Amino acid sequence: MIKVSPSIMCADFSRLGAEIKKLEKAGADLFHFDIMDGCFVPNITMGPLVLKALRDKTSLPFDAHLMVCQPEKIVKMFIESGSNIITLHIETIFFPYRLIRELKKEKVKVGIAINPATPVFHIEPLLPEIDMVLVMAVEPGFAGGSFIPAVVSKIRKIKEMVERGRLNVEIGVDGGVNEKTLPILVEAGANILIGGSTSIFPEGKIRLSAIKDMKGKWLKR
Ligand code: DX5
Ligand code: ZN
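Residues numbered from 1 in each chain as written. Chains lettered and ligands numbered in written order. Predicted model: local features only at pLDDT ≥ 70, side-chain atom pairs only at ≥ 80, totals over all residues. Heavy atoms only, no water.

Draft legend 1. Region of the structure containing the pairing of strand S5 (residues 109-114). Among the six residues in S5, five count as buried, and that is most of the element. Sheet analysis places strand S4 (residues 85-89) next to S5, joined by five bridges and oriented parallel. Looking at the pairing, Ile86 lines up with Val110 of S5. For S5 and strand S6 (residues 132-136), the ladder comprises four bridges, and the chain directions are parallel. Within the sheet, the bridge partner assigned to Gly111 lies in S6 and is Met132. (Buried < 20%, exposed > 50% of the residue type's maximum accessible area, 1.4 Å probe, protein only. Helix = DSSP H or I, 4+ residues; strand = E, 2+ residues; numbered from the N terminus. Pairing = 2+ DSSP bridges.)

Draft legend 2. Region of interest: the site of ligand 1. Around ligand 1 there are 20 residues in total, and Ser7, Asp34, Gly144, Asp174 and Ser197 lie nearest to it. A distance of 2.7 Å separates an oxygen atom of ligand 1 from a polar backbone atom of Gly144. Of the pockets mapped on this structure, ligand 1 occupies the largest pocket. Every element with two or more residues in the shell around ligand 1 is listed here: strand S2 (31-36) and strand S3 (62-67). Among the elements that line the shell around ligand 1, the one with the most residues is S2, at three residues. A class-by-class count of the residues in the shell around ligand 1 yields nine nonpolar, nine polar and two charged. (Near = heavy atom within 4 Å. Polar contact = N/O pair within 3.5 Å; in protein donor to acceptor, adjacent residues only side chain to side chain. 1 Å grid on protein atoms, 1.4 Å probe; cavity = no way out; pocket = protein on both sides within 12 Å on 5 of 7 lines; lining within 4 Å. Sits in = over half its atoms within 2 Å of the grid points. Nonpolar A, V, L, I, M, F, W, Y, C, P; charged D, E, K, R; others polar.)

Draft legend 3. The arrangement of helix H1 (residues 16-25) in detail. For H1, the full list of buried residues reads Leu16, Gly17, Glu19, Ile20 and Leu23. Within H1, the buried residues cover an arc of 160° as seen down the axis, which keeps them to one side. Contacts from the buried residues of H1 go to strand S1 (3-6), S2, helix H2 (48-54) and helix H7 (209-215). Among the residues trailing H1, Gly27 stands out with phi positive, at a value near 110°. (Arc of directions from axis to C-beta. Contact = heavy atoms within 4.5 Å.)

Draft legend 4. Seen up close, the sheet that holds S1. With parallel pairing, the eight strands of this open sheet are ordered in space as S1-S8-S7-S6-S5-S4-S3-S2. Of all the strands in the sheet, just S1 and S2 have a single pairing partner and so form its edges. For this sheet, the mean inter-axis angle between neighbouring strands, taken without regard to orientation, is 25°. Relative to the sheet, helix H5 (residues 151-164) contacts S5, S6 and strand S7 (170-174), its axis offset from that of S6 by approximately 165°. (Axes fitted to C-alpha atoms, helices over the stretch in contact; angles between N-to-C directions.)

Draft legend 5. Quick peek at the layout of surface pockets. Its volume calculated, the largest pocket comes out at about 270 Å³. Forming the walls of the largest pocket are 27 residues, and the residues nearest its centre are Phe142, Ala143, Gly144, Gly175 and Gly176. Residue assignment for the lining of the largest pocket shows that the elements contributing at least two residues are S2 and S3. In terms of residue class, the lining of the largest pocket is made up of 12 nonpolar, 12 polar and three charged. Taken as a whole, the second largest pocket encloses approximately 230 Å³ of empty space. In this structure, the second largest pocket is lined by Lys3, Asp29, Leu30, Pro61, Ile85, Lys109, Asp131, Met132, Asn168, Glu170 and Ile192. (Points joined across faces, edges and corners; volume = space filled by probe spheres on them.)

This is how it looks when you write it as structure tokens:
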């Protein structure tokens, strides 16, 4: 099943509550929060207080995509803020089994994000432990980054691993998902599509119709 996850860092920060309600009505399946700390990536976005303030605006799941150094120090705050999925970058964790198992005890889903240049074998051993792989199709840190076509074969490889292991792991793709790239990414095996600056939020505006298009019209090449 195709799921659309609007990237909240691309929304209008002066009216996030209203935007979330509109996005839910337009067919969003979950919300993607890009958490950046100025350490792992050269940008700073939002912290757990923002998620907490938005938590009662929708009942849809919140995915906290943690682009931070030492995520183990802050995961608890994001769970307390109402995140349902905690997505950790493989490049930021030294003891992934320990952290994933701790998160699972807190009854949240766990995603592992992987940068464009990180080989898939880095995450392969973790697949039986997690709920989602988030494949970065751009270098993380900013909306509107340039799409890296090599990630398509990476998605295909992850899909094969998931199928071979009969695992219940969803594959998300983050960055550069638009009308042109979407059918290729879905064909390769992605089912969670992060909607950012080239789909749902073009030129800083909200385009609600893109959510339906991402699940229908844009799938057909
Ligand atoms: C990039 C973020 C993405 C970003 C996607 O570092 O993780 O979630 O908002 O936006 P676009 O679609 O603009 O690449
Ligand atoms: Zn993201």
